[in-house]
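Structural characterization, general
So you can see what is in the structure, the chains are spelled out below.
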Amino acid sequence: MEGTNPVNKKLAAALSGGAVLVLALSGCGGEDGNEKLDAWAKQVCDAVQPQAKKIAAANAAIQKETSDSSTPAEVQKTDAQAFQDMSDAYKAIGTAVNKAGPPDVENGEKKQQDAVKELNGISSSYASLRKQVDALDTKDQAKFADGLKDIATELDKLSQSGNDALRTLEEGEVGQAMAQQESCQSASASPSVTQG
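Think of each chain on its own: its residues are numbered from 1, step by step along the sequence as written. Only residues with pLDDT of at least 70 are given local features in this predicted model, and only at 80 or more are side-chain atom pairs given and counted; all residues enter the totals for whole chains, interfaces and linings. Side-chain figures throughout are based on the complete set of non-hydrogen atoms in the structure, without hydrogens or water.

1. As for the nonpolar core
Across soluble globular proteins, nonpolar side chains have a tendency to be buried as a group. Side-chain atoms within 4.5 Å link the members of a nonpolar core, which is a set of buried Ala, Val, Leu, Ile, Met, Phe, Trp, Tyr and Cys residues. Accessibility here uses a 1.4 Å probe with only protein chains present; expressed as a share of the type maximum, an area under 20% marks a residue as buried, one over 50% as exposed, and anything in between as partly exposed. Within the largest apolar cluster, 40 residues are counted, with the highest numbers of intra-cluster contacts made by Trp40, Val44, Phe83, Val97, Tyr126, Leu129 and Met178. Strands are runs of DSSP state E lasting at least 2 residues, helices are runs of H or I lasting at least 4, and numbering of each runs from the N terminus. Elements represented by at least two residues in this core include exactly α2 (35-67), α3 (72-100), α4 (108-134), α5 (141-161), α6 (164-169) and α7 (172-179). Every residue pair with non-hydrogen atoms within 4.5 Å of one another is taken to be in contact. Other than its neighbours up to four places away in sequence, Val44 contacts Val97, Ala100 and Met178.

2. Some details on the environment of Asp46
Tracing the backbone shows Asp46 in helix α2. As for Asp46 and Cys184, which are separated by 138 residues in sequence, their C-alpha atoms are 7.3 Å apart. Under the rule applied, a polar contact is a pair of N or O atoms within 3.5 Å (in protein, one hydrogen donor and one hydrogen acceptor; residues adjacent in sequence only if both atoms are side-chain atoms). In this structure the side chain of Asp46 is engaged in a polar contact, spanning 2.7 Å, whose partner is the side chain of Lys42.

3. Concerning the packing of aromatic side chains
In summary, the pairing rule links any two rings of Phe, Tyr or Trp, Trp by its six-membered ring, whose centres are within 6.5 Å, and it sorts them by plane angle into stacked for under 30 degrees, edge-to-face for over 60 and tilted for everything else. According to the stated counting rule, one finds two aromatic pairs in the structure shown. Between Tyr90 and Tyr126, the ring centres sit 5.7 Å apart and the planes meet at 5°, which makes this aromatic pair stacked. Highlighted residues: Tyr90 in helix α3 and Tyr126 in helix α4, separated in sequence by 36 residues. Tyr90 gets classed as buried once you look at its relative accessible area, which sits at 0%. Through pairs of rings, three or more aromatic residues link up here, namely Phe83, Tyr90 and Tyr126.

4. Here we look at unusual backbone geometry
Unlike most non-glycine residues, Asn107 shows phi in positive territory, near 55°. Assignment of secondary structure puts Asn107 in the loop between α3 and α4.

5. Quick look at the packing of α3 against α4
A fitted line through C-alpha atoms represents every axis, and for helices the fit uses only the stretch in contact; the resulting angles, taken between N-to-C directions, go from 0 to 180 degrees. Closest axis-to-axis distance for the α3/α4 pair is 8 Å, and the angle between their directions is 165°. In terms of axis orientation, α3 runs roughly antiparallel to α4. Note on packing geometry: the crossing formed by α3 with α4 is left-handed. Roughly parallel means an angle under 35 degrees; roughly antiparallel means over 145; roughly perpendicular covers 65 to 115; every other angle is labelled oblique. It is the rotation of the near helix from the far one that decides the hand of a crossing: anticlockwise by less than a right angle makes it left-handed, clockwise makes it right-handed.

6. Side note on the state of the cysteines
The definition used for a disulfide is geometric: two cysteine sulfur atoms within 2.5 Å. In the structure shown here, the tally under the stated rule is one disulfide. A sulfur-sulfur distance of 1.9 Å marks the disulfide that ties Cys45 to Cys184. Taking the sign of the torsion about the S-S bond as the criterion, the disulfide between Cys45 and Cys184, at about -90°, is left-handed. Here Cys45, found in helix α2, pairs with Cys184, found in helix α8 (residues 182-187); they are 139 residues apart in sequence, far enough to count as distant. A relative accessible area of 0% places Cys45 in the buried class.

7. Things to note about α3
Side chains three or four residues apart in an α-helix point the same way, a direct result of the helix having 3.6 residues per turn. An expected span of 1.5 Å times one less than the residue number is assigned to each helix. Under the 1.5 Å per step criterion, the end-to-end length of α3 is 42 Å for 29 residues, consistent within 8% with the ideal 42 Å. Positive phi shows up at Gly101, right after α3, with a value of about 80°.

8. Regarding the confidence of the model for the chain
In low-pLDDT segments, the atomic positions of the prediction should not be examined closely. Confidence of the predictor in every single residue is expressed as pLDDT, which spans 0 to 100. Mean pLDDT over the chain stands at 79; residues scoring 70 or higher make up 74%. Low pLDDT, under 50, characterises residues 17-30; the stretch is placed with 46 contacts to residues that sit more than four places away or in other chains. Segment residues 190-196 is flagged for pLDDT under 50; beyond a separation of four residues in sequence, or across chains, it makes six contacts in the model.

9. Looking at the pattern of salt bridges
Criterion for a salt bridge: a side-chain nitrogen of Lys or Arg within 4 Å of a carboxyl oxygen of Asp or Glu. Across all of its chains, the model carries five salt bridges by this definition. For Asp46, the salt bridge is made with Lys42, and the minimal N-O distance between the two is 2.7 Å. Taken together, the positions of Asp46 and Lys42, both in helix α2 and four residues apart, correspond to about one turn of that helix. Residue Asp46 is classed as partly exposed on the basis of its relative accessible area of 35%. We note a salt bridge from Lys157 to Glu154, for which the minimum N-O separation is 3.8 Å. Taken together, the residues span about one helical turn, with Lys157 and Glu154 both in helix α5 at a distance of three residues.

Structure representation (structure tokens):
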């Protein structure tokens, strides 16, 4: 048996594609002086930051599991926990956006409701992926690999479809206000962030 599990590598690749959808923030904030909107952005960003860390940690756990010669049982345990954490994190972000109310922009209410609906949908998707992982047969390596392949396919879909409403929520003034919040900047800090 080879050292690394190629199927779990595929899973990790799919996952990193969908990681932290919420933080696709435009790193360039303009001064718009909208106090209400800034207060809204601060409330959301402060709530998002710990959840973003949780999602990143769950991603890292799956990535790590692909780099050693883990048994199917170890992979199952790690992936199930990671999906559960992600499900909880997206649900918490949805609750935070819901609690913050509509941002003070045109169509703010629709943008907020769409984003909450989408975040809750992503949370449900990760919860069902957890159930799928839990149900895999770890005693049969080939079957287990096939099952992981299906989950990786689902993840791919999730990462592609998952962020339209969030993008809409974060465009324009809302994105600028969020980009000015320290908690959002640190939550989305990564080498690929372009400075505005």
